[in-house]
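# Understanding the architecture of this molecule
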Amino acid sequence: GVWITPHEARSTKPPSKPSTMASNPGSGGGFDWLSNGLFGRGKANDGQIENSTDVPALYSGIVTDFRELTVSGGKEGHGEGDGAGGEASENATVSASSQGPGASNLGDRLSRIKYLLYNERTSPAQRGQPAPAVAAAVCEGLTKDHLSLLPSFLGKMQSLPFEARKDVAAIFNYLLVCGCPEDDGESDMAWQRYYPVMMEFVRFLRDVSVFTNVATPIIMGHDCTAGPNGVPAAKNSPDVALHCGSMLRSMLRHPSLFKLVVSEEYACELFFPFLDSYVHQPNFEVASDALETVRVIFTGGDGALTGSNTAPVAEGDETMEEMASAFLQRNYDSVIEERFNQKMLSGSASYVTKRASVQLLSTILLTRSNYAVMMKYISSRSNLRIIMCLLRDPSPHITFLAFQVFKIFVANPEKPQDIVRILVDNKTKLIRYLDGLHREREECDEQFRDEKSLVIATLEGLEL
């Protein structure tokens, strides 16, 4: 794959040993790529990096290589200077070897650290140790020895070699999930050995002097919108946006970091850009990834990205579901009225955005902790009209999802008179339409058949 999927981001299983071959040796033109070695490695490496187990030494080399890369990056069109954004997409797959030995060694060192991290978990020699030495050393390098390294990496993700971006995201994600129980269980409860390391990294990230410097570039990294004539207006390629999405969702698995993201202090800067821009981006995978992040925030992480992998919550602490519900209640108008109704469910919204938004809306309303939000939503005439329009959308997928929301309006035993009036005035048309809605699905979906029958029966019995 070109980028890390959400499953890969949370997995703590070791990858295969990184290859030493450059990903695109011919991109430098002619035989220039040979100057860094036949397999994309400079003479300075000589196998020392790929055999190193000295994490502090690897970090020292990374700092030097990164400094060299950022100094030369502007000349190659990879930095943050004027005009770099226009070349971001074009340069997204440039190999490390074409950026010079510094970039090549940087990628090698990051890859080596990632390999040591993942290999440590399954190494028989390490299983008997009381604490994971490699994970602790990697965490200490970022949280104590080189405090500015992580924010610098995140702020210049587009400048990094293609493979190095994946390694930065993998290391970041690993430190945030290594202390969470595995989905398939671990017989030796290895995750407990990693829990102190993970929480040390979490404490570092939630520090007020660090949080913004880490979270802000991750959020900005989602922006890869196109400007006039298709020229990228932002500096990020789609793979950078997807890496940033995986890193943000790893942060959202921890209650203390989740609470900061949805707090009044940070929500406008860290969350609302998703609803205003990122979910509307034309790239399907980037928009879908942004919508998945929105789903995690609105449901408190309920679902595939967390589950048994969620970081433990201390007794008496507010759960992420409760934080998400409080956030929605506090920002109901900003989220539902100004974003969902006017943008994400409007006629101008793309098919991908509209479909995912209806599904997300259904999930929000049917989440038990969002009961107060659900009651407020289904008491609104304008909301009912929007859902009734979506019931007649040309897409069968959207009409089916719209039905999942419409049934909540009908099933409400305490409907306001405004809602009853709209349903009664349109009762005949609604019953006729619903009777033929997805009739072919009734044979294989017993729940849908029963729910549709109940909705029709309830409408038939409605009177003013």
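## Topic: the overall build of the protein chain
Helix and strand counts for the protein chain come out as 23 helices and zero strands. Taken across its 464 residues, the protein chain has 53% of its residues classed as buried. Long-range pairs, those at least 24 residues apart, make up 75% of the contacts in the protein chain with a sequence separation of at least 6. As displayed, the protein chain has an accessible area near 20700 Å², and 52% of this comes from carbon and sulfur atoms.

## Considerations on the packing of aromatic side chains
In this structure the tally under the stated criterion is 15 aromatic pairs. Here Phe172 and Phe201 contribute two aromatic rings whose centre-to-centre distance is 5.7 Å and whose plane-to-plane angle is 80 degrees, an arrangement assigned as edge-to-face. Of the two residues, Phe172 sits in helix α7 (residues 162–177) while Phe201 sits in helix α8 (residues 190–206), which places them 29 residues apart along the sequence. With 5.8 Å between their ring centres and 55 degrees between their planes, Tyr377 and Phe409 make a pair best called tilted.

## Observations concerning the pattern of salt bridges
By the definition in use, this model includes 16 salt bridges. One salt bridge in this structure joins Arg165 and Asp239, with 3.0 Å as the shortest N-O distance. Residue Arg165 is located in helix α7, and its partner Asp239 is located in helix α10 (residues 238–251); the two are separated by 74 residues in the primary sequence. Of the two residues, Arg165 and Asp239, both sit in the buried class. For Lys407, the salt bridge identified is with Glu451, shortest N-O distance 3.0 Å. Of this pair, Lys407 sits in helix α20 (residues 396–411) while Glu451 sits in helix α23 (residues 446–460), and the two are 44 residues apart along the sequence. A network of salt bridges, in which partner residues are shared, links Asp276, Glu338, Arg339 and Lys343.

## Some details on the nonpolar core
With 124 residues, the main nonpolar core has Phe172, Phe201, Phe298, Phe340, Tyr377, Phe406 and Leu459 as its most contacted residues. Filtering out sequence-adjacent residues up to four positions away, Phe406 remains in contact with Leu384, Ile387, Met388, Leu391, Leu423, Leu430, Leu434, Val455 and Leu459.

## Topic: the side chain of Asp167
Mapped onto the fold, Asp167 is located in helix α7. On the basis of relative accessible area, Asp167 is assigned to the buried category, the value being 4%. At 3.5 Å, the side chain of Asp167 and the backbone nitrogen of Ser111 are in polar contact. Those residues in contact with Asp167, other than ones at most four positions away along the chain, are Gly107, Leu110, Ser111 and Lys114.

## Comments concerning α8
Helix length check: α8 (17 residues) gives 25 Å between terminal C-alpha atoms against 24 Å at 1.5 Å per residue, within 8%. Where α8 is concerned, the buried positions are Ala190, Trp191, Arg193, Tyr194, Val197, Met198, Met199, Phe201, Val202, Phe204 and Leu205.

## Side note on unusual backbone geometry
At His438, a position not held by glycine, the phi torsion is positive, near 50 degrees. For His438, the location among the structural elements is in the loop between α22 (427–436) and α23.

## Let's talk about the environment of Ser288
If you trace the backbone, Ser288 turns up in helix α14 (residues 284–299). Taking the relative accessible area as the measure of exposure, Ser288 reaches 26% and is therefore partly exposed.

## Remarks on the packing of α7 against α8
Packed helices, taken two at a time, are described by the angle their axes make and the gap between the axes. In the contact formed by α7 and α8, the axes pass within 7 Å of each other and the chain directions differ by 115 degrees. Classified by the interaxial angle, the pair formed by α7 and α8 is roughly perpendicular. Mapping the contact onto sequence places Phe172, Tyr174, Leu175, Leu176 and Val177 in α7 and Tyr194, Val197, Met198, Phe201, Val202 and Leu205 in α8. Classifying every residue of the contact of α7 with α8 gives eleven nonpolar, no polar and no charged.

## Points about helix α5 (residues 133–145)
Here α5 is 13 residues long, yet its end C-alpha atoms lie only 16 Å apart, well below the 18 Å a rise of 1.5 Å per residue gives. Within the span of α5, buried status applies to Val134, Ala135, Val138, Cys139, Gly141, Leu142 and Thr143.

## Structural notes on the confidence of the model for the protein chain
The pLDDT averaged across the protein chain works out to 81; a share of 75% of its residues lies at or above 70. Confidence drops under a pLDDT of 50 for residues 1–11, and excluding neighbours within four residues, the segment shows 26 contacts in the predicted structure. Segment residues 74–98: pLDDT under 50, and 51 contacts once partners within four positions in sequence are set aside and those in other chains are kept.

About the thresholds
Residues numbered from 1 in each chain as written. Predicted model: local features only at pLDDT ≥ 70, side-chain atom pairs only at ≥ 80, totals over all residues. Heavy atoms only, no water. Helix = DSSP H or I, 4+ residues; strand = E, 2+ residues; numbered from the N terminus. Buried < 20%, exposed > 50% of the residue type's maximum accessible area, 1.4 Å probe, protein only. Contact = heavy atoms within 4.5 Å. Areas by Shrake-Rupley, 256 points an atom, 1.4 Å probe, with all protein chains shown as cover. Phe/Tyr/Trp six-rings, centres within 6.5 Å; stacked < 30°, edge-to-face > 60°. Salt bridge = Lys/Arg side-chain N within 4 Å of Asp/Glu carboxyl O. Core = buried A, V, L, I, M, F, W, Y, C linked by side-chain atoms within 4.5 Å. Polar contact = N/O pair within 3.5 Å; in protein donor to acceptor, adjacent residues only side chain to side chain. Expected span 1.5 Å × (residues − 1). Axes fitted to C-alpha atoms, helices over the stretch in contact; angles between N-to-C directions. Parallel < 35°, antiparallel > 145°, perpendicular 65-115°, else oblique. Nonpolar A, V, L, I, M, F, W, Y, C, P; charged D, E, K, R; others polar. pLDDT = per-residue confidence, 0-100.

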